[in-house]
Amino acid sequence: MFKKSNEQSLKEAIELLLNTYKLKDKYNEVNIVQSWSDIMGPMVANRTSELFIRNRKLFVRLDSAALRHELTRAKDKIVEVVNDRTGSKLIDDVVFL
């Protein structure tokens with residue numbers, strides 16, 4: 001089946017829309033917050049009380065000091081996993097609160 005030159009898939013149209021209106025990063029930020037449980041697992045997600053991205057930093061408020069200490073040691077891996085999930089360099093650092 002051949003496409004006409006002005007036809008595109010829904011996925012292509014949505015990506016074009018997000019890029020045109022410079023919403024891609026915001027969409028990715030919301031996606032990361034919504035899928036935090038899938039990224040880090042239910043144990044970490046259940047101990048997370050707040051999660052937001054500001055100035056290319058992921059801020060995570062945890063209610064467990066021991067978990068905060070463990071995750072601080074794995075900051076680079078968390079940055080890598082989050083950026084892989086979005087397919088772009090969305091964050092540079094993770095700050096545990």
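Model, not experiment: these values are computed from the prediction.

Definitions and limits used
- Residues numbered from 1 in each chain as written.
- Predicted model: local features only at pLDDT ≥ 70, side-chain atom pairs only at ≥ 80, totals over all residues.
- Heavy atoms only, no water.
- Phe/Tyr/Trp six-rings, centres within 6.5 Å; stacked < 30°, edge-to-face > 60°.
- Buried < 20%, exposed > 50% of the residue type's maximum accessible area, 1.4 Å probe, protein only.
- Helix = DSSP H or I, 4+ residues; strand = E, 2+ residues; numbered from the N terminus.
- Expected span 1.5 Å × (residues − 1).
- Contact = heavy atoms within 4.5 Å.
- Pairing = 2+ DSSP bridges.

1. As for the packing of aromatic side chains
Counting across every chain of the model gives one aromatic pair. Judged by centre distance (4.9 Å) and plane angle (10 degrees), the rings of Phe52 and Phe59 are stacked. The exposure class of Phe59 is buried, given its relative accessible area of 17%.

2. Some thoughts on helix H6 (residues 75-86)
For H6, which comprises 12 residues, the first-to-last C-alpha distance of 17 Å matches the rise-based estimate of 16 Å (1.5 Å per residue) to within 8%. At its buried positions, H6 is contacted by helix H2 (24-34), helix H3 (36-40), strand S2 (57-62), helix H5 (65-72) and strand S3 (93-96). Just beyond H6, the residue with positive phi is Gly87, at close to 75 degrees.

3. A closer look at the pairing of S3
Only one face of S3 is covered, namely the face carrying Val94 and Phe96; the face carrying Asp93 and Val95 is uncovered. Looking at chain direction, S2 and S3 are connected through four bridges and run parallel. What sits directly across from Phe59, in S3, is Val95.

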